[in-house]
Amino acid sequence: MSEEHNNAVAAETNNGPAFTVEKIYVKDVSFESPNSPTIFNENVQPDLQLNLNQKVQRLSENAFEVVLGVTLTCKAGDKTAYVAEVEQAGVFGLIGLEPQAIDVLLGTQCPNILFPYVRSMVSDLIQAGGFPPFYLQPINFEGLYAETLRQRQQQADGASLADSEPAGNA
């Protein structure tokens, strides 16, 4: 058994709240450069578009899978230079916490833990594709979570990330 699992079991036995990282892994990776090698000769300012999404799935009473997905599309004029897609995932143990605390951790702390892995993978893919390195800038997941809460309240839905079905953007 992993040390994290032992820590989670110990915390559960002691009835104390616990937040553990059980596993971090790549769920899906894709890199496409449909116009290479001719795209390397293009002399235009690249246009980058970033799409970020987060999915949460309850695995058991105290375990959640969080998937942080990033798609980075680079166009040179009207041609696609590359598309890099990464889904970095983690399994997190959340024991003895109130639903609101679980929701906050799933929406902020979990993506903060996954983001450095996503950043590294995207950068490596782009360089391996023959393009200059690209470094994702830090993302304010707390701000994104606050916006998600505001949208939930407007919809009078009140659903939490912990209760969501597999999938859904946060």
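Counting restarts for each chain: residues are numbered from 1 in the order of the written sequence. Only residues with pLDDT of at least 70 get local features here, since the model is predicted, and only at 80 or more are side-chain atom pairs given and counted; chain-wide, interface and lining totals rely on the full set of residues. Note that water and hydrogens are dropped before the side-chain values are worked out from all heavy atoms of the structure.

A.B. asks: What should I look at first to understand the overall build of the protein chain in this one?
C.D. replies: Note on conventions: DSSP H or I runs of at least 4 residues are helices, E runs of at least 2 residues are strands, and numbering of each starts at the N terminus. What the protein chain contains, in helices and strands, is 3 helices and 4 strands. Ordered by position from N to C terminus, the α and β elements of the protein chain give α-β-β-β-β-α-α. By the burial criterion, 36% of the 170 residues in the protein chain qualify as buried. Across the protein chain, every contact between residues at least 6 apart in sequence was considered, and the portion connecting residues at least 24 apart equals 68%. Of the roughly 9,600 Å² of accessible surface on the protein chain, 49% is carried by carbon and sulfur atoms. Note on exposure labels: buried denotes an accessible area under 20% of the residue type's maximum, exposed denotes more than 50%, and partly exposed covers the range between, all computed with a 1.4 Å probe on protein chains only. By definition in these notes, contact holds between two residues if any of their heavy atoms fall within 4.5 Å. Note on areas: Shrake-Rupley, 1.4 Å probe, and residue coverage restricted to the protein chains presented here.

A.B. asks: So what exactly am I meant to see when it comes to the confidence of the model for the protein chain here?
C.D. replies: In regions of low pLDDT, the predicted coordinates are not meant to be interpreted in detail. Looking at the protein chain, the pLDDT average stands at 86 and 82% of residues meet or exceed 70. What pLDDT conveys is the predictor's confidence in a given residue, as a value from 0 to 100. Low confidence marks residues 4-12, where pLDDT is under 50. Its contacts with residues over four positions away, or in another chain, come to 12 contacts. For the stretch residues 165-170, pLDDT sits under 50, and the model shows 12 contacts to residues farther than four places along the chain or on other chains.

A.B. asks: Explain helix 2 (residues 99-128) to me, please; I cannot follow it from the model alone.
C.D. replies: Because an α-helix completes one turn every 3.6 residues, residues spaced three or four positions apart along the sequence face the same direction. In this model, helix 2 (30 residues) spans 42 Å end to end at C-alpha, consistent with the 44 Å of a helix rising 1.5 Å per residue. Each residue is assigned a bend, namely the angle between axes fitted to the seven residues that terminate at it and the seven residues that start at it. Maximal helix bending in helix 2 amounts to about 35°, located at L105. For a helix, the expected span equals 1.5 Å multiplied by the number of residues minus one.

A.B. asks: Looking at this model, I keep getting lost on the pattern of salt bridges. Mind explaining?
C.D. replies: Once the charged atoms of two side chains with opposite charge are near each other, the side chains can pair. Note on definitions: salt bridges are taken to be side-chain nitrogens of Lys or Arg within 4 Å of carboxyl oxygens of Asp or Glu. This model, assessed by the stated rule, comprises 5 salt bridges. In this structure, K27 and E65 form a salt bridge, with 2.8 Å as the shortest nitrogen-oxygen distance. Highlighted residues: K27 in strand 1 (residues 18-32) and E65 in strand 3 (residues 63-76), separated in sequence by 38 residues. For K27, a relative accessible area of 44% corresponds to the partly exposed category.

A.B. asks: Help me out: how do you make sense of the pairing of strand 3 in this one?
C.D. replies: A regular strand places its side chains on the two faces of the sheet in alternate fashion. Extensive coverage of strand 3 is indicated by the burial of 12 of its 14 residues. Where strand 2 (residues 46-60) lies against strand 3, 14 bridges are found, and the strand directions are antiparallel. The residue bridging Q57 from the neighbouring strand is E65, located in strand 3. At least two DSSP bridges between two strands are needed for those strands to be called paired. A loop of 2 residues connects strand 2 with strand 3, the two strands running antiparallel in sequence. Where strand 3 folds back onto strand 4 (residues 79-95) in an antiparallel hairpin, the turn is made up of 2 residues, including G77, whose phi is positive at roughly 65°.

A.B. asks: Any chance you could explain the packing of helix 2 against helix 3 (residues 141-154) here in plain terms?
C.D. replies: In a pair of packed helices, the angle between the axes and the distance between the axes together describe the arrangement. Orientation of helix 2 relative to helix 3, taken along the N-to-C sense of each, is 145°, at an axis distance of 9 Å. For the pair helix 2 and helix 3, the sense of crossing is right-handed. The residues of helix 3 that touch helix 2, namely those facing Q100, D103, V104, G107, T108, P111, N112 and F115, are F141, E142, Y145, L149 and R152. Residue polarity follows a fixed list, in which Ala, Val, Leu, Ile, Met, Phe, Trp, Tyr, Cys and Pro are nonpolar, Asp, Glu, Lys and Arg are charged, and the others, Gly among them, are polar. Residues of the contact of helix 2 with helix 3, tallied by class, amount to 6 nonpolar, 4 polar and 3 charged. Helix axes use the C-alpha atoms of the stretch in contact, all axes being lines fitted to C-alpha atoms, and the angles between their N-to-C directions lie in the range 0 to 180 degrees. A clockwise turn of the near helix away from the far one marks a right-handed crossing, whereas an anticlockwise turn of less than a right angle marks a left-handed crossing.

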